[in-house]
Amino acid sequence: MSSEARQPLLLHRLRTALSHLYSLHNVCNSSNQHEAHNYLIEFQSRNIRRKVTSLHQRKRDSQTDLSAHLDPNEETNGSSFLASLPFLLFTTSSHETERLFCAQTILYRLRRMKTSEAVDLEMEWFDSPHMNVNSLAEVVSMSPAQSVDQNVLNYWLEFLKFHGESISSFHVHLLGKVLQDYFHEFSNNVKASGNVATNVSFAELEEKLKGEISLLVLAVVAYLNALAHASYSIAHGGQHDHHDSLHNLVPLLDTLSSAMSVASLKLRYTTSSVAVEKAASDIPIAKMVLQAFQKVYDAASSQLWSDLLPGILNPDDVMSQTLNEQNHHLHQMALSQCLCVALASIPDALLGSPGGARGRLSVDPKCIVAANSELRCEGTGVGLVKEAIVFLLDSSSPHVQKYVRQQILIVSKRWAGFVPLSLEYVHFTISTVMPYTCGDGSGGLNHFDHALCAYLIQIYEGASMTNDQLMASAAGITAESNCSGHQLGKKKQSSKSKKRHKEKLDNVLNGDDAKRQEAESEAFYRGRVACHAAIWTREFMHLHLIKDLEFMEKHPGHVVDGEGPIGCICSCAAACIPHFFSHGPISAEDVSESIKLFGFLTEAMQKICSSQNRSVRALVYENLATVHSALVNETTSANPSEIQMMAVHFICKCIFILSEKCKYPDGYFVDLSRNNDEDAEIERNDVRDLVRAVCALDLKAAQSPLIPQIIMDHILQYCMSGALDEGKKHSMPSETSIHLLSATAKPLQYLIQMLDQGNVSDFQVVERIINNALDCLSEYCEKLLRCFSQRHSINETLPISRLVCITTAAFASLFSGLVELSSTLQNTIQVKVERTIGLAVLAVMSSVLNIPELTAVSSLSNTRYDIRGAMRAPGGEDHCGCIALMRMVKTGENLTLKCMECAARVQNTGIVSIYQEMMKIYNTLLQSEAERASTQVHGSGVTPTSRRVYLSAIIDIGIVTTKKYPETAKEIFCIMNDLFQKSINAVMSCRELSGRTQTHKYFILCEASMDLSAFPPSFCNKLFDENNLEMKATEWLIEACISGFSQNNKEEPSESSIYWGRLRGGVMALLRSSADPGFSNFAVQGIISLISSECNAILSYCQQNADVLSSIFHDQVIGDDVLPAGAVLITVRDAITSFLRQVTKQAMDRACEHHAVSSFISVLFGCKDSIFRATCAHTGIKLTTWVDPRPTVLEAWLLSMSEMIKLCIKIGFEDNKEIHQLVGESLALCVKLLMQKCVEKETPGKGHVETLSLDGPQTLAMVEFFEQSFKLGKSVLEVLARILVVEMQLDSSQTAGRDASLVGGGIIFASVYRCASGAVPPWAIENLPAIFESLCICCGYELKIFYAMICIGAELKLVEPYQYGCVRSALAGYYYDTMKLQTREQFMKKAQEILESDSNDRWRKLKVLIKSACGGKKKASDFNLKPQYTNWDCDRI
């Protein structure tokens, strides 16, 4: 079968695009790379055949539709399948990159489309009257579901002959012969039986024939590339790696083989066949692939390599003679490579997760399930693999046999990743390759060793799978929902897709017991196989483990190979040791072998833990946690078995070794200015996480807490031995022990909860654990205090002090639980608890006083774990001592009181004296800060943020203490008032002293306002009381904040502007603290002034109508990096939220409620006009050089309004007319902004202006506001209508005589239509159901009114020729403006049917209907993903 070669229509453009994208063939034009990339994506995914099918379907549906014919043009002409073949078949010169892309294209198309669409041969021949796509689609449309007859078979005979000759022209000698044999076979079957497909439709026959053609074509392509590779290898003496054109064979063969697997799957199983639980073909998938290659080999082996690859090598006469002599060997090598790679690719191609160049496998899920069952069956899965391997070993030369033996392991590894391997198969593979490994461990690892380790790891990982994972695997469910990576240009898995995936997984896991029993049996079988594999390879692994560890000891900086012997043993331990827990020895005859294996694994794991190489130790963590988890799950009795206790000791030994290995080396803290060792800190975190895991007590789980308790007991005894080491009695405490102790805090907390609930079976063990934990911490605190008193150097005390503070902070919840249980605890434990708490508080106070937060300049801005001299948790931002005290205080009032009482008792003094000591420390910190330069935070003392953490804690302590001990109130409040007055004096000093720079003044004002905000509302209220002198300080703060807006210019922000930006945060924090529960009159006026000043600055900038810099609307001043615009308005939102929380907890006085609500309304009314002007501000050009403050101002306003609505509804103020007016005007604002956005199919008109973007959290706030606002009733819609009917100049014929609320609802629906047409991001549309439900409530559940609003929204138009924003006629947008009357009537009818249905899903259906009417999904939009709300946190600016 041959014909004159004709160049595919798309070949030239394909070559050009590939050349530009990958800089091939001396082409290097980066300016065209983006265009080339877009073309290649379209080339891969183009599906003109589906479009033609759709046109013919339309023709069948409507006899009057004459548009079913697809006219040929540049966009529709050409076959992607055919254009890929010349590169792959060497018909044209090609680079390996081009060949790989073409193979990926075929794979992608076969995975994502029907075979009839992927193999788009008919798209190439528009000039052929019978073989073009229109003719084919016409034939298909005539009898789409009927069985084929003789006429149809004749058509397909002609089709195969015509297109077979076309494809054969690319390679006559091999492809032509293979396709000719296929054509004759098909023709003979037709003549012999009159039919080749009983009860098969035309479409199914097309799928079958194109699938078989693609299978043969791909086999030929793979074979020719393998043959070329083998020829190069011999011609160049095995140095073919130097030839770029062919050295990357495996990725190409793997891609082609994956495509063959997919084609075979579609031939083997179809939707109609799996529906009746049968296969469409009797030939298994693996056998189809093998047979395809066998046919190609039969056709190729009788031909010389030079005839099959003309012009590829061009060797000299001597080399040509050599190649001719080895012609049979070349064919053997090509066949072996093809079969091995193809067999390896089958499971992953069909069952693996999508990713990389391949898309999701778009076939009936039942077909994948059937394929999964087939591959898991011995006779149709690995049994066929074994047969093929034996065939290759028996029929190949020694050189080829060596290659096949190595490939056995690679093939088997890839199958083991998806299906359970039989014991016989694993024994066959291991016994076949073991003689070729380096059994004596000398000479390093060879290829067989590497492949064997990787294979064994895959077996062990399969044996470590849980029953749930095995059930999912057996059901053919991939883990695509868990794919965190995402390839650029590929569609991400949607939340709906993830939800469907989860539902599908849940259905499997919650299915019948038989499936779970099968999974349990499979788990047992996998574990048994893993144990046997470990026994068979134990000596091999032992030898290589010793050698690997020796090598890694000599090279501590070298990164270990995770798939080498060390990783293999770790995986083996995680698979085999749990199997021993569950099932004991693998058999009665192999008890001794099982014991030897257990001993070998535990000893080997301890050796790995002892390695000096950090990467070696890192391999242990996950696998040790797996062993522990299995141990916990299998220990059900109160008396663990001998092997279980051996495992406990093994885990504890590993923990102790790892904790010793991760300690800071000697001399680490000599130079405190150096950066922390990031790898060391990561390892310390990993060890701490591992300790938490092995001590974890899950109160909700059904597992016994016995094992975690035993392990915790051992660990705390180890810590205690370190704390009480007599040889170090008067020295610094052990850093290793306290590091371990800090990790047990969470498990200890759970243990106390169990004690409280009476769930403790062995009280003596629990008592010992608690005693040891308390003794350890108290001992460490005593030693630390002794070191401070003896003036040890900071290099010695800092690391221990840091760990003590971290441990104290972690123990806060434990202390709180023990304090609550004090009445039930024994007296000795009570004494220890109080002593430990007292010592911990004193140690924390001493740490704050003696250890500066930063001994040198922090490197946290460019490192992960900061300098070594940072008194912070690694990577943290606050002084550990300040954090520890805060944690102790914030945990609860009982613990706060106990801290003071215990500290006083330990120090043998009074509570007031302890409090005075705390205040002295604070004053010392304050003084240190004053002595430093304003921009310096290192040296002595702590940072201002940490100081305020400490201040907040001691203020809380003072308040709690005075409640319990009223006699201390006078002294404590006197101390607190002195501190409060110091901050006020600092504010006033800035006004009186003229010698300071503006920058320094802003710095002092910011710090003072932040300090003031740390005090409770009872103090802060004084600052806003017009009868108090303190109000002068507040006036000065507000004036300073307002004056900063006048600094706005067209330059980069000055240092003064940057500090003013921080001052905004201080004022915001102070305003927030003053709300109790509402704002005073002075605070209301101050907030209004601040908001108005900010909005006026925004308006002023926009009115410049120039894209220039702004010195204040800048990342360093007003922006996300510091504090976004709208921050003062957010204080109103926070005050409303706080008050709402209070009234939810307990009823409040009506007068108090009225005061609070009135103050909130006064603020909102007072600033609304400024906010509306600022958010509606527009420019004639797009502003790109400033940080646009309008979106965050709008977000802050809408969030405040939403909270206000919730509050009014909660306390019964929902009828307040002022609130209704505010909400109605805010709705009008949102509608106006939506009308300013051009939707799909609309183009900006003359005079179009740029308004704020709706692509961000402001739209998230708008969605919530819409949902909340309608809960106030129709009056808000009436306000909306009154404003916009006039402002927008709506056509009076549509509004006159109608109820204002109906018109308002219509305007809302017009806005919804615009949103669905592209005015807002697609994620916002998903919230429409909640808005519809709220609007229905607003209508009093009157569906007729709701329906009327839907209709009015589609009708509303502007008075001609008036234009409003982007609206020229219909408010709803282009789709409704141009919608035909019949289509509109159908839409309204469908909407009415949805409303009248009783379905709980009707609002979602209405959303779908509206989206469909507005152009469907907006996939190609430039909108960002759904955001989070803006963060206005000002504590850390």
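A quick note: this is a predicted structure, and the numbers were derived from the prediction, not measured.

Thresholds, definitions, all that
Residues numbered from 1 in each chain as written. Predicted model: local features only at pLDDT ≥ 70, side-chain atom pairs only at ≥ 80, totals over all residues. Heavy atoms only, no water. Helix = DSSP H or I, 4+ residues; strand = E, 2+ residues; numbered from the N terminus. Rg over C-alpha atoms; globule rule 2.2 N^0.38 Å. Buried < 20%, exposed > 50% of the residue type's maximum accessible area, 1.4 Å probe, protein only. Contact = heavy atoms within 4.5 Å. Areas by Shrake-Rupley, 256 points an atom, 1.4 Å probe, with all protein chains shown as cover. Lys, Arg positive; Asp, Glu negative; His and termini not counted. Charge placed at Lys NZ, Arg CZ, Asp CG, Glu CD. Salt bridge = Lys/Arg side-chain N within 4 Å of Asp/Glu carboxyl O. Core = buried A, V, L, I, M, F, W, Y, C linked by side-chain atoms within 4.5 Å. Axes fitted to C-alpha atoms, helices over the stretch in contact; angles between N-to-C directions. Parallel < 35°, antiparallel > 145°, perpendicular 65-115°, else oblique. Left-handed = near helix turned anticlockwise from the far one by under 90°. Phe/Tyr/Trp six-rings, centres within 6.5 Å; stacked < 30°, edge-to-face > 60°. Lys NZ or Arg CZ within 6 Å of the ring centre and 35° of its normal. 1 Å grid on protein atoms, 1.4 Å probe; cavity = no way out; pocket = protein on both sides within 12 Å on 5 of 7 lines; lining within 4 Å. Points joined across faces, edges and corners; volume = space filled by probe spheres on them. Nonpolar A, V, L, I, M, F, W, Y, C, P; charged D, E, K, R; others polar. Disulfide = S-S within 2.5 Å. Expected span 1.5 Å × (residues − 1). Patch = residues over 30% accessible without salt bridge, like charges linked within 9 Å, V, L, I, M, F, W, Y side chains within 5 Å. Polar contact = N/O pair within 3.5 Å; in protein donor to acceptor, adjacent residues only side chain to side chain. pLDDT = per-residue confidence, 0-100.

**Topic: the overall build of the protein**
A tally of regular secondary structure across the protein gives 62 helices and zero strands. Computed over C-alpha atoms, the radius of gyration of the protein comes to 38 Å, within 12% of the 35 Å expected from 2.2 N^0.38 for 1437 residues, which places it in the range of a compact globule. C-alpha extents for the protein along the principal axes are approximately 110 × 95 × 60 Å. Looking at the protein residue by residue over its 1437 residues, the buried ones come to 56%. Sequence separation of 24 or more characterises 79% of the internal contacts of the protein that already satisfy a separation of 6 or more. Entry remark: accessible area of the protein is about 59300 Å², with carbon and sulfur atoms responsible for 50%. Of the charged side chains in the protein, 133 are positive and 156 negative; the average position of the first set lies 3 Å away from that of the second.

**A word on the pattern of salt bridges**
Applying the stated criterion across every chain, the model contains 53 salt bridges. A salt bridge links R376 to E522; the shortest N-O distance between them is 2.3 Å. Placement of R376 in helix α17 (residues 365-376) and of E522 in helix α24 (residues 513-536) is noted, with a sequence separation of 146 residues between them. One continuous salt-bridge network, built from bridges that share partners, spans E929, R947, R948, E1007, D1011 and R1062.

**Examining the nonpolar core**
Grouped together as the largest cluster of nonpolar side chains are 475 residues, with contacts concentrated most on F1346, L1406 and I1410. Those residues in contact with L1406 that sit more than four places away from it in its chain are F1332, F1346, I1350, A1391, I1394 and L1395.

**Brief notes about the packing of helix α47 (residues 1055-1074) against helix α49 (residues 1127-1145)**
Interhelical geometry of α47 versus α49 gives an angle of 20° and a closest axis separation of 9 Å. Between α47 and α49, the crossing angle belongs to the class labelled roughly parallel. The hand of the α47/α49 crossing is right-handed. Along its contact with α47, which presents R1064, M1068, L1071 and R1072, the element α49 presents A1127, V1128, I1130, T1131 and D1134.

**Overview of the packing of aromatic side chains**
If you walk through the whole model with that rule in mind, you get 34 aromatic pairs. Between Y664 and F669 the ring centres are 4.9 Å apart and the planes differ by 80°, which places this aromatic pair in the edge-to-face class. Given a relative accessible area of 10%, Y664 falls into the buried group. Judged by centre distance (6.1 Å) and plane angle (45°), the rings of F1024 and F1082 are tilted. Separated by 58 residues along the polypeptide, F1024 in the loop between α45 (1017-1020) and α46 (1031-1043) and F1082 in helix α48 (residues 1081-1104) bring together distant segments of the chain. It is R868 that lies over the ring of Y668; its NZ or CZ is 3.8 Å from the centre.

**Some details on the environment of G958**
Along the polypeptide, G958 turns up in helix α42 (residues 944-964). Exposure remark for G958: the relative accessible area of 0% places this residue in the buried category. Once the C-alpha coordinates of G958 and C974 are considered, the two residues, 16 residues apart in sequence, prove to be 11 Å apart.

**Describing empty space enclosed by the protein**
Enumeration according to the criterion identifies 10 cavities of 30 Å³ or more in this entry. A volume near 170 Å³ is recorded for the largest cavity. Mapped by element, the contributors of at least two residues to the lining of the largest cavity are α53 (1257-1269), α56 (1300-1319), α57 (1322-1325) and α58 (1328-1338). When grouped by side-chain class, the residues that make up the lining of the largest cavity number 12 nonpolar, two polar and no charged. The computed volume of the second largest cavity comes to approximately 80 Å³.

**Points about the state of the cysteines**
Applying the stated criterion across every chain, the model contains zero disulfides. The thiol of C990 is not disulfide-bonded; the next cysteine sulfur, from C1006, is found 11 Å away. C1208 supplies the cysteine sulfur nearest to C1152, a cysteine that is in no disulfide, at a spacing of 15 Å.

**Remarks on helix α13 (residues 285-300)**
The end-to-end C-alpha distance of α13 is 23 Å, a good match for the 22 Å that 16 residues give at a rise of 1.5 Å each. Those residues of α13 lying buried are I285, A286, M288, V289, L290, A292, F293, V296, Y297, A299 and A300.

**A few points about a negative patch on the surface**
On the surface, a cluster of negative charge is contributed by E461, D561, E563 and E622. Looking at where D561 falls in the secondary structure, it is placed in the loop between α25 (538-554) and α26 (565-583). Overall, D561 belongs to the partly exposed group, its relative accessible area being 40%.

**A look at helix α31 (residues 678-695)**
Spanning 18 residues, α31 covers 26 Å between terminal C-alpha atoms, matching the ideal 26 Å at 1.5 Å per step. The opening residue of α31 is D677, an N-cap whose side-chain oxygen sits 3.1 Å from the backbone nitrogen of D679.

**Focus: the confidence of the model for the protein**
Summary statistics for the protein give a mean pLDDT of 86 and a share of 90% for residues scoring 70 or more. Long-range and interchain partners of residues 63-67, a stretch whose pLDDT sits below 50, account for four contacts in this model, where long-range means more than four residues apart. Low pLDDT, under 50, characterises residues 479-493; the stretch is placed with 24 contacts to residues that sit more than four places away or in other chains.

**Some remarks on the environment of Y22**
Structurally, the position occupied by Y22 is in helix α1 (residues 11-22). For Y22, a relative accessible area of 39% translates into the label partly exposed.

**Here we look at the side chain of S1092**
Among the structural elements, S1092 can be located in helix α48. With relative accessibility at 14%, the residue S1092 sits in the buried group. A distance of 3.4 Å separates the side chain of S1092 from the side chain of S1170, its partner in a polar contact.

**Observations concerning the environment of S214**
Mapped onto the elements of the fold, S214 is located in helix α10 (residues 202-235). Residue class for S214 comes out buried when judged on its relative accessible area of 0%. Taking the C-alpha atoms as reference, S214 lies 58 Å from L1194; in sequence the two are 980 residues apart. Of the polar contacts made by the side chain of S214, one reaches the backbone oxygen of G211; its length is 2.8 Å.

**A closer look at unusual backbone geometry**
With an omega dihedral of -10°, the bond running from D1076 to P1077 counts as a cis peptide bond. Positionally, P1077 belongs in the loop between α47 and α48. For the bond running from E1360 to P1361, omega is -5°, close enough to zero to count as cis. With respect to the helices and strands, the residue P1361 is situated in the loop between α59 (1343-1355) and α60 (1374-1377).

**Remarks on the side chain of H331**
The residue H331 is located in helix α16 (residues 327-351) in this model. A polar atom in the side chain of H331 sits 2.9 Å from the backbone oxygen of Q303. Other than its neighbours up to four places away in sequence, H331 contacts Y223, L227, Y297, A300, S301, Q303 and L308.

**Structural notes on the packing of helix α40 (residues 893-906) against α42**
For any two helices packed against each other, one specifies the crossing angle of their axes together with the interaxial distance. For the pair α40 and α42, the least separation of the axes is 9 Å and the interaxial angle reads 90°. By the angle class used here, α40 and α42 are roughly perpendicular. The segment α40 lies against α42, with E893, T896, L897 and M900 engaging I957, V960, T961, K963 and K964. Residues of the contact of α40 with α42, tallied by class, amount to four nonpolar, two polar and three charged.

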